[in-house]
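# Notes for the structure review
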Amino acid sequence: MDSNTVISLEKVNKWYDDFHVLKDVDLSVTKGEKIVICGPSGSGKSTMIRCINRLEAHQKGNITVNGTELTNDLKNIDIIRKDVGMVFQQFNLFPHLSVLDNISLAPIWVKKTPKKEAEELAMRYLEKVKIPEQALKFPGQLSGGQQQRVAIARSLAMNPQIMLFDEPTSALDPEMIKEVLDVMVQLANEGMTMLVVTHEMGFAKTVADQMIFMDEGRIVEQASPTEFFTNPKSDRTKLFLSQILNH
Amino acid sequence: MLIRLLNTSNLIVTKNWLHKNLFSSWGSALITIFCLYIVLKIIPAGLDWLFFSADFAYNFQGDKIIDRTFCSRVMFPGEYGACWAIVIVRWNQFMYGFYPVAEVWRVNIVFALTPLALLPLFFDKVLFRKQLIYFTFIFPFIAYYLLYGGPGLTEISTSKWGGLLVTLFLGLTGIIVAFPFSILLALGRRSKMPVIKSISVIFIECIRGVPLITILFFGNIMLPLFLPDGFNVDNLLRGLVAMTFFAAAYMAEAIRGGLQAIPNGQLEAARALGLSYWQSTIQIVLPQALRISIPAIVNSAIGVIKDTSLVLIVGLFDLLGIGRAALADMNWMKLSHEVYAFVAIIFFILCFSMSRYSLYLEKKLKTDNSI
């Protein structure tokens, strides 16, 4: 294994009861690499990235993150979750906490950062996502785009080495998508390792090092963006691209 | 002034309101008049019976009432209202049961300190809340020492406790002990660990599937059969345990309802940030779930307060039990209207204030942050 590899999936299989969601998935991500994953719904793309921080458990194969293998060992799971941040489609901000508390909560409880320091940290990340003026509001008072930026800041406050994005813009109104993607592009330019499930092909072309197309639980195609968009190999990929690019 | 009151636009508004709400049709007009008649008939008669024609410590001749024969309404049936002397003369029993009169000051101190101990639990903007919380935690020990006795204080067996003391003791202790217990049960019922899950489910279903009276009887009559000889559990404690179990099972289901309403994404987001199960539960899931369950929890709590009156069947004298004991007294018998009215008023004050508190809490949590 390459010493730069931060995530590796080997022959990963997962079932929901009888339903085979992931079939022999192999993937290797090096430090600083940006991977964009697309595919039709139900293709297993969200499930795959949710396996990487063990929100879902795989049943066969190996997943190694930063040299730690994901097993049922709770200690390993904790180690990996400290290194891996995640942003969800539905934001999943904590509605009973202010924006500032949403961000400072994990540093305070997981990293035992003193409250005052954690709040300063939270403010720095809010400035980074360009909404420091919203610090004292509650998530319900923010627009979708602002909420998703808070969610990104909340993840970043744990200083992760890898960020997982699970359809971060799918629940947003069109005019709010850009403000979230801008933050993600900025993050990519800073060298963050990113796995992004999205159908925002413009974003993919700008930042992706690798494109992955999944269908029916398999990785059907993996290529550089230029190759992927101009010369896709499988018919399934061609069909998918023609559908999402020409609507 | 009068002209301002009779301001035409005001009159029209009132007229419209009356028309819309009370006299919108012949049917509703009839119902309105009927209700008005009932209210006008009942309220003055009720107030008259309760206060204006009632005896308190003295009867209509100005004699101090020492037994039922002195009551105005016993002397002239139908002409006078309530004879509250039964409550006044037996006040100590209603409040403390058979607690020795010389030691009653101990109960009074506990009664006085209880609101102080509850204040920081129920309100978050109390002066010196942090210091008061410490007091809240040591208060049960102070209360135990004062009520039961110990070094320096005469021991008063719980069989002498009664009246409002027992009602509040069972009700408040039951609710406060049952609350954390019910949270654990609700979490246990949703746990993925089969042993914990089955224990919680069996406990909740067994307790909920049985009337409280049965549990009280079980604790009182059956439990001693299972305990080793000479090992005797205090009667009041048995009642308390039964009440607590009962309350915990019901509150657990109320809280489970709240837990189910929290989207899975909340827990996932917390876990993805690296928070442990308990950290996620305490910081993220419970605050939201409890807020949703407030009305149902308070509903159970009010039920617990009222259910305390059932302990009279296992030989404990709560407020109602003491009332019934008073009616059994040859000197005061047949004054049941007064006794039941008094007991009802006390229960109403307790339960109504709880229901008001729950409304306050809901409103406060809603305005605190808009979800």
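Rules and cut-offs
- Residues numbered from 1 in each chain as written.
- Chains lettered and ligands numbered in written order.
- Predicted model: local features only at pLDDT ≥ 70, side-chain atom pairs only at ≥ 80, totals over all residues.
- Heavy atoms only, no water.
- Helix = DSSP H or I, 4+ residues; strand = E, 2+ residues; numbered from the N terminus.
- Expected span 1.5 Å × (residues − 1).
- Contact = heavy atoms within 4.5 Å.
- Axes fitted to C-alpha atoms, helices over the stretch in contact; angles between N-to-C directions.
- Parallel < 35°, antiparallel > 145°, perpendicular 65-115°, else oblique.
- Left-handed = near helix turned anticlockwise from the far one by under 90°.
- Disulfide = S-S within 2.5 Å.
- Buried < 20%, exposed > 50% of the residue type's maximum accessible area, 1.4 Å probe, protein only.
- Phe/Tyr/Trp six-rings, centres within 6.5 Å; stacked < 30°, edge-to-face > 60°.
- Lys NZ or Arg CZ within 6 Å of the ring centre and 35° of its normal.
- Core = buried A, V, L, I, M, F, W, Y, C linked by side-chain atoms within 4.5 Å.

### What to know about helix H7 (residues 104–122) of chain B
Helix length check: H7 of chain B, at 19 residues, gives a terminal C-alpha distance of 27 Å against a target of 27 Å (1.5 Å per residue), a fit within 8%. For H7 of chain B, the elements touching its buried residues are helix H6 (91–96), helix H8 (129–148) and helix H9 (163–189) of chain B.

### Concerning the packing of H7 of chain B against H8 of chain B
Residues and elements named next belong to chain B. Two elements in contact, H7 and H8, have axes separated by 8 Å at closest approach and are oriented at 155°. Our classification of the angle between H7 and H8 gives roughly antiparallel. Every pair of crossing elements has a handedness; the one defined by H7 and H8 is left-handed. Contact residues: Arg106, Val107, Ile109, Val110, Leu113, Thr114, Leu116, Ala117, Pro120 and Leu121 in H7; Arg129, Leu132, Ile133, Phe135, Thr136, Phe139, Ala143, Tyr145, Leu146, Leu147 and Tyr148 in H8.

### Some thoughts on the state of the cysteines
What we call a disulfide is simply a covalent bond connecting the sulfur atoms of a pair of cysteines. Residue and element names in this part refer to chain B. For the structure shown, the criterion picks out 1 disulfide over all chains. For cysteine 71, the disulfide goes to cysteine 83, at an S-S distance of 2.0 Å. In this structure, the disulfide formed by cysteine 71 and cysteine 83 twists by about -65° around the S-S bond and is classed as left-handed. Linking cysteine 71 in the loop between helix H3 (26–52) and helix H4 (72–75) with cysteine 83 in the loop between H4 and helix H5 (85–89), this pair joins segments that are 12 residues apart in sequence. Accessibility assignment for this pair places cysteine 71 and cysteine 83 in one class, buried.

### Considering the packing of aromatic side chains
All chains considered together, the criterion is met by 23 aromatic pairs over all chains. Between the aromatic rings of phenylalanine 76 of chain B and tyrosine 80 of chain B, the centroid separation amounts to 6.5 Å while the plane-to-plane angle is 50°, which identifies the pairing as tilted. For phenylalanine 76 of chain B, a relative accessible area of 36% corresponds to the partly exposed category. Aromatic side chains phenylalanine 123 of chain B and tyrosine 360 of chain B sit 5.4 Å apart centroid to centroid with 50° between the ring planes, which places their arrangement in the tilted category. Here tyrosine 360 of chain B lies in helix H16 (residues 336–368) and phenylalanine 123 of chain B lies in the loop between H7 and H8, a separation of 237 residues in the sequence. Classification of phenylalanine 123 of chain B as partly exposed rests on a relative accessible area of 32%. Residue class for tyrosine 360 of chain B comes out partly exposed when judged on its relative accessible area of 33%. An aromatic cluster of at least three residues, connected via ring pairs, comprises Phe122, Phe123, Tyr357 and Tyr360 of chain B. One cation-aromatic arrangement involves arginine 154 of chain A over phenylalanine 94 of chain A; the distance from NZ or CZ to the ring centre is 4.5 Å.

### Quick look at unusual backbone geometry
All names here are of chain A. With a phi angle near 55°, lysine 112 is a residue other than glycine that sits in the positive phi range. On the accessibility criterion, lysine 112 (58% relative accessible area) is exposed. Of note in this structure, asparagine 159 is not a glycine but carries a positive phi near 55°. When you line up the elements, asparagine 159 lands in the loop between helix H5 (144–156) and strand S7 (162–166). Using a relative accessible area of 54% as the deciding quantity, one classes asparagine 159 as exposed.

### Here's the deal with the nonpolar core
Counting residues in each nonpolar core, the largest one holds 87 residues, and the members touching the most others are Ile86, Phe94, Tyr99, Trp161 and Leu259 of chain B. A total of 13 residues in this core trace back to one element, the largest contributor, which is helix H12 (residues 235–261) of chain B. Setting aside chain neighbours within four positions, we find isoleucine 86 of chain B in contact with Phe94, Ala326, Leu327, Trp332, Leu335, Glu338 and Val339 of chain B. One finds Phe91, Phe165, Ala188 and Phe213 of chain A within the second-largest nonpolar core, a separate group that totals 49 residues.

### Considering helix H1 (residues 45–52) of chain A
All names here are of chain A. By the criterion of burial, H1 is predominantly enclosed, with 7 of the 8 residues buried. The complete set of buried residues in H1 reads Lys45, Thr47, Met48, Ile49, Arg50, Cys51 and Ile52. One or two positions beyond H1, positive phi appears at arginine 54, with a value near 65°.

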